[in-house]
Structure formats: structure tokens, C-alpha cells
Amino acid sequence: MQKVIETLLIGLTTGSIYALMSLAIVLVWRSTRVVNFAQAGQAMLATYVGFEIASRSGVFWLAVLFAIVAGALVGAGVDYFFMRVLFKHANSGPAAVVAPVIATLGLLGLIRSFVGLTWGGEFKTIESPVSTDGYTVGSTTLPFSPLNTLIIVTVSIILIALAILFQRTNLGLALRASAYAPEIAKLAGIRTARTRTIGWAIAGGVGAVAGMLNTANNFLTPYSLDLLLVFGFIAAVVGGLESMVGAVVGALVLGIGLTIILNYVGTSLVFIGGFAVLILVLLIKPDGIMAKGKGRRA
Amino acid sequence: MESWRKVRDVVRKKIALFVFLGWVLLIVGDRVDELRVYQGAQIAMYTIALTSIVLLTGYSGQVSLGNGAMMAVGAYAAALTLNNLQTPIWFAFLMAILVSALFGALLGSAAARLAGPYLAGTTLALAVGLPAIANQFSFLGGEPGLIFDVGFPPERFGEEFTQYKWFFWIASCIALVAIFVTSNILQSRFGRTWRAIRGNSLAAELAGIHASRMKVLAFTMSSALAGLAGAVLAMNIGLVAPGAFTLALSFGLVTGAVLAGISSLPGVVLGGFILVVIPEIADVIANRLGDADKLNSYLPGLIVSVLLILSVIYTPNGPGENLRKHLRKKAAH
């Protein structure tokens, strides 16, 4: 029984980090119809900025703040200087379908090599603001630590803030409108191009938090966020790739599912487990677990 | 009858061309040093792998980031066959093709339902997940992997004939055959059908094409080619280990294919060349600039990514396409 609860709690923690990455992917997909494989790179660059601040000031939250700003700037920059140029040029021929996917992969490589050349490949750590030792109940030490609590709380706060932004503000309405029907939104006076760039910035900021939280109990290398990208994408597809609520639910399901595999089946099967989840969802409910019978907009 | 004769003529000419290419490779292989011969074998390996991407992405319009994983399937199939059954080498390569084709057919049935980014993401997950399986089952050898030894070159080639030259011969022989077969498939009914589906799958279906079945077929053939490339890679490095089939390999293959023109079969040789040469160039630059360690690890990636981004923006259909457009413009004037 105790192991079951532990598994659930750990799964919830990893799942909530996946949720942020998955949200970032969904935000970009909704506005631009591109799965942004560079999201991991953007988050990594932002996390390295956070690492610099953290190692100089020693204040974790200041580092998170800077990472968010850096992530948002990088996100907006990618859309403004990169995606716009791409869509202007690569719009015909056999490569038009694959161009965005390949371009974001190239961007991921570019950011990775830039980070590698600047900071090197050594393992970097960002000190966690709270203890990473598990809580002790009676004589047993749980694998669930104050850091895990902190991660869940932080992610919850961000999710609530995003919900308010999207449901209660004009900007949120504009973002939703231009994702849902860009033509009509444009006619209604929304500057869709600018709104899209803002969407990329928000996605970048959210991804940066995912990177920071992932690094607080782990190492940071130019490759350390790749798995986060893969699992974030799987979670986004499980949630239907369109719905932000779906992305979060998908991530939590995935997080708990993978922790179950990790604890009860075998460590090496975690990755292929994620793949199996993805294939199963795509075969059984291709519109995601939150779909209400409406066809997928590809 | 008339058209059949024409086809036979074309195929004959093509066979002559490929025999000539093989002869050129043979001569070149004798003239250069060991390192270059080894790199030649690597180029041949990449060429096969890129052929699989051209078939899949360039013709049937499906993006796969999981070719590295398919190469792993082929490599393990070949190594297990060779080590456990003590078969001749060619049978190991044949098994690599068969097993990865089977695997590709299974995966393709799921993939045919997926469009663009879904497929890309799914195959990305595969590329991350599949090689790690080797750590779970002991008969796959875990992290250190399995030995894959095709043995010494036959004695009748003489004392001078080195191991690497033997690899080079096998690899380029396989590459030539693979490209020959693929180019015939792409010029056949299948190639036209795939292009039709890529252009507009709805219109293709209305014209009576079974689109999803054709997509599965493309995925199967592409996987078979990737598996074959994997077996050649395993031969070149002498072993099969999860560490050889990284995400970087899958990304590198996509990069090579885009750089050389995603739908151009002759381009694969250029692509393979680029993939082998770039680390070499980066190495030279790194040694010039000092601080070789950091530069060595990240400079190749930087060059590849910049090339990839520039080419996807400015020559998305490959350098050949731009050249042709340019020539057409000139001819019109």
C-alpha cells in the first residue's frame, strides 16, 4: 500500500513537470500548427540562464524569474525571426509538409551547439531551494521530498495563472480566437501575427519553468531536457494536441503510468512504455482522451 | 510490347551505369589510405540510410525521426543471426532486411493513420525508446552490446587486402544494389502512386489508390532499407550497442536527406558525403582554434544545424531543384 501511494506521488511530480512542457507544445501547436521540437532547446537555453543567476546570487526564485524572461524572449524571437521567414520561403514543393518539423529540429541542434560551446558539456546543478531528502514518517523515509511538494505547488500556481489569463483577460480571448479561427480573428481586428508571437513567448516561459524544475533535482547538460520534450509531446498527443486541459491531464496520466512501469516492471522499459502509451492512444482515441467526438484538425 | 522494350533498355543502361560506378569505386578504393577507405564505408552506410528517408519522406511524404531505431532493429537482427546461427554474412544482412521490414510493417500500420507532426513525434518517441530495450534483455547484450564480426577478407584477395577495404567493398556493393533497386521502385507504378498521395491524398484516393495501404508499403520498404543500413553500420564499427543508435543519428539522417534534396535519389550520395565530411572539417577548425575538446563535441552540430536551417528555408527541395529552376529561367530568356 505504501509503495502504491509513493508511486502515485512521484508520478504526480514527474507528471506535473511534463504538464508544463506539454502545455508549451500545445500552445505553439494551436497558434502555429507546428510541433515545436526546439521547445526543449529553448527551455534548455533559459535554464542555463537560470543556472548563471542561481550560481551567482544563490536565490532560486530569482533564477526562475530570469529563466522565464529568457524563455519568453527566446520564444518570441524564434517566432519573429525564424518561423515567419520559414513560412515565407518554404511553402511549396515536396518539402513544404516536412519543412516546419525539420526547421525546428535544426533550431534544436543550433541552440544545443550554442549552449554546448558556451557552457560546455559538464554536468551543472542548480541547488534546490528546499530539502531534497524524503519526508520521514515514523522510521521510514519516503522518496517524496519537500522539493516534490514544491514542484507540484509551483506547477499548480502556473496552471491557475494560465487559466485566468486565457479565460478572463482580453489577451487570452485574442489568443484563443486567433488559434481557433485566424481569418475571423483578423477580421475582428485582432493582430493575429503579434498575438501568435505572444503565444510563443508564453510557451517559452512555461517551458523555461519546466526546465528549471527538472534541473532542481537533476543535472543540467545540453542533452538533459530531450526526454522532457519526448514525454511532453506524448502527453500533448494523449491530451489531443488541441486542448490545454487535455495536455495537463495527459501529462499527469503519463507521469503516473511511467512511474508505475519504473517501480513495478523495469527501468529500461520506461521509454518504450511511453511509446506504447502513445501508439495505444493514437490507435484507440486518435483525438486524445479529452476528445468529444469532433474530428481532428490537422 | 513497345513500352516493355523501352523499360528493358532503360534498365540495361542503368545496370551498365551501376557496374561502371562500382568499377570506379574499386579503383578509388585501391588508391587511397586506410582512413579514407573506412570513411568510404561509412559514406556507403549513410547512403543506404538516406535512401530509406528519400523513399519515405521525399516520395510518400511521411516524416520519420525514427530511422535510427529502425537501423538498430536491423543491426540487432543481423548480429543475432550471425552470432547464434553461424550463418554466412549475406544471410545476416538478409535477416536484417526481413526483420526490419516486418517491424516496419507493424509500425507502419499504426503510422499510416498519422499525419505530419503526429508521425514525426511518434517516431521520435520510438527513436528514444527502442535502443533502450537492449538494456532490459540479456540476450541483446545490454549497454556494451553484441559483437558483429564479418570476419577477415577472403584469402584469394591477397595479403595486401585490409580489413577496412573488405568493409568498404561489402558496404559499397550493398549500397549500389540498394540504390539500384530503390531507383527502379521509385520509377515504377509505386513511385508514381506515392507521389500522388504526397501531392494530395484525397485526390489520389478518388483516383482509386488505396492510400493507407500504399503508405504502409512505403514505411515497410523504408524500414527494410534502414535495417540494412544498420547492419552495415554494425559491420563498420564491429559491434551493435544501444549507444550507436542515438537520437543524434536519427536527426543526422534527416539533416543529410534535407541537405541533399529530400526527393532526389542521386542526392543521397552527396548527403552521405556531407555527413562524413562535416565532423572532419569541424575537427580541422577545432584544432586550428585550440580548445579542441569543447569545439570537437559541438562544432559539427553547429555546422550541421546552420546548414539544415539555411537549406530548409532557402532550398527546401534540395540544391538540385534550385539549379533546375535557374536553368529553366535561363532557357526561357
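None of the values given here were measured: they were computed from a predicted structure.

1. Side note on the overall build of chain A
Looking only at helices and strands, chain A features 11 helices and 2 strands. In sequence order, chain A lays out its α and β elements as α-α-α-α-β-β-α-α-α-α-α-α-α. Relative to the globule expectation of 19 Å for 298 residues, the C-alpha radius of gyration of chain A, 19 Å, shows essentially globular dimensions. In terms of principal-axis extent, the alpha carbons of chain A reach across some 65 × 45 × 40 Å. Out of the 298 residues belonging to chain A, those deemed buried represent 52%.

2. Details of the overall build of chain B
If you tally the helices and strands in chain B, you get 13 helices and 2 strands. Counting only C-alpha atoms, chain B reaches 55 × 50 × 45 Å along its principal axes. Expressed as a percentage of the 333 residues in chain B, the buried residues total 50%. Across chain B, the fraction of contacts at a sequence separation of at least 24, relative to all contacts at a separation of at least 6, is 78%.

3. Focus on the interface of chain B and chain A
Facing the 47 residues of chain B at the interface are 45 residues of chain A. Of all the secondary-structure elements, those providing two or more residues to the side of chain B that touches chain A are helix H2 (34-59), helix H5 (116-129), helix H10 (247-260) and helix H12 (292-314) of chain B. A per-element tally of the side of chain B that touches chain A places H12(B) first, with 13 residues. A breakdown of the residues in the side of chain B that touches chain A according to their chemical character gives 29 nonpolar, 14 polar and 4 charged.

4. Description of helix H2 (residues 39-57) of chain A
Residue and element names in this part refer to chain A. Over its 19 residues, H2 runs 27 Å from end to end, which matches the ideal 27 Å to within 8%, given 1.5 Å per residue. Burial within H2 is extensive, with 14 of its 19 residues counted as buried. Just past H2, the residue Gly58 takes up positive phi, approximately 80°.

5. Topic: the packing of helix H7 (residues 189-199) of chain B against helix H9 (residues 211-237) of chain B
Residue and element names in this part refer to chain B. Where H7 contacts H9, the axes come no closer than 10 Å and their chain directions differ by 115°. Considering the relative orientation of H7 and H9, their crossing is left-handed. When H7 is examined against H9, the residues Thr193, Trp194 and Ile197 are found in contact with a partner set consisting of Ala211, Met214, Lys215 and Ala218. Considered class by class, the residues forming the contact of H7 with H9 number 5 nonpolar, 1 polar and 1 charged.

6. Some words on the environment of Val268(B)
Residue and element names in this part refer to chain B. Secondary-structure assignment places Val268 in helix H11 (residues 267-289). A residue is classified by how many C-beta atoms lie within 10 Å of it, and Val268, with 28 of them, is buried. Residues Val268 and Val32, spaced 236 residues apart in sequence, show a C-alpha to C-alpha distance of 22 Å. Beyond its immediate sequence surroundings of up to four residues, Val268 is in contact with Thr47, Leu50, Thr51, Val54, Ile179 and Ala260.

7. Examining the nonpolar core
All names here are of chain B. One finds Ala78 and Leu228 to be the most contacted residues of the largest nonpolar core, which totals 203 residues. With 16 residues, the single largest contributor to this core is H9. The contact partners of Ala78, leaving out residues within four places of it in the chain, are Ala92, Phe93, Met95, Ala96, Phe148, Ala231 and Ala234.

8. Structural notes on the packing of helix H4 (residues 89-111) of chain B against H9(B)
Residue and element names in this part refer to chain B. Packing of H4 against H9 leaves a shortest axis separation of 7 Å and a crossing angle of 145°. In terms of crossing hand, the pair formed by H4 and H9 is right-handed. Grouping the amino acids of the contact of H4 with H9 by side-chain chemistry returns 16 nonpolar, 9 polar and 1 charged.

9. With respect to unusual backbone geometry
Notably, Leu241(A) is not glycine yet its phi reads approximately 65°, a positive angle. We note that Gln86(B) has phi near 50°; this positive angle belongs to a residue other than glycine.

10. Remarks on helix H6 (residues 170-180) of chain A
Since the α-helix packs 3.6 residues into each turn, any two residues three or four apart lie on the same face. Residue and element names in this part refer to chain A. Turning to H6, its buried residues number three or more, namely Ala174, Leu175, Ser178 and Ala179. Looking straight down H6, one finds that the buried residues subtend no more than 125° of arc, so they occupy a single side. Facing away from the buried side of H6, by more than 90 degrees, are the exposed residues Asn170 and Tyr180. Packing partners of the buried residues in H6 comprise helix H1 (2-32), helix H5 (146-168), helix H7 (182-187) and helix H8 (192-216).

11. Section: the confidence of the model for chain A
When pLDDT is averaged across chain A, the result is 86; 95% of the residues are at 70 or more. For the stretch residues 294-298 of chain A, pLDDT sits under 50, and the model shows 4 contacts to residues farther than four places along the chain or on other chains.

12. Things to note about the environment of Glu143(B)
Residue and element names in this part refer to chain B. Residue placement: Glu143 occurs in the loop between H5 and strand E1 (146-147). Along the backbone, Glu143 and Leu265 are 122 residues apart, and their C-alpha atoms lie at a distance of 35 Å. With residues near it in sequence (within four places) discarded, Glu143 still touches Asn135, Ala241 and Pro242.

13. Some details on the confidence of the model for chain B
Averaged over chain B, the pLDDT score is 82; the fraction of residues at 70 or greater is 95%. Here the predicted complex carries an ipTM of 0.83, next to a pTM of 0.84.

Cut-offs and rules
Residues numbered from 1 in each chain as written. Chains lettered and ligands numbered in written order. Predicted model: local features only at pLDDT ≥ 70, side-chain atom pairs only at ≥ 80, totals over all residues. Helix = DSSP H or I, 4+ residues; strand = E, 2+ residues; numbered from the N terminus. Rg over C-alpha atoms; globule rule 2.2 N^0.38 Å. Buried ≥ 20, exposed ≤ 12 C-beta atoms within 10 Å, placed from the backbone. Contact = placed C-beta atoms within 7 Å. Nonpolar A, V, L, I, M, F, W, Y, C, P; charged D, E, K, R; others polar. Expected span 1.5 Å × (residues − 1). Axes fitted to C-alpha atoms, helices over the stretch in contact; angles between N-to-C directions. Left-handed = near helix turned anticlockwise from the far one by under 90°. Core = buried A, V, L, I, M, F, W, Y, C linked by C-beta atoms within 7 Å. Arc of directions from axis to C-beta. pLDDT = per-residue confidence, 0-100.

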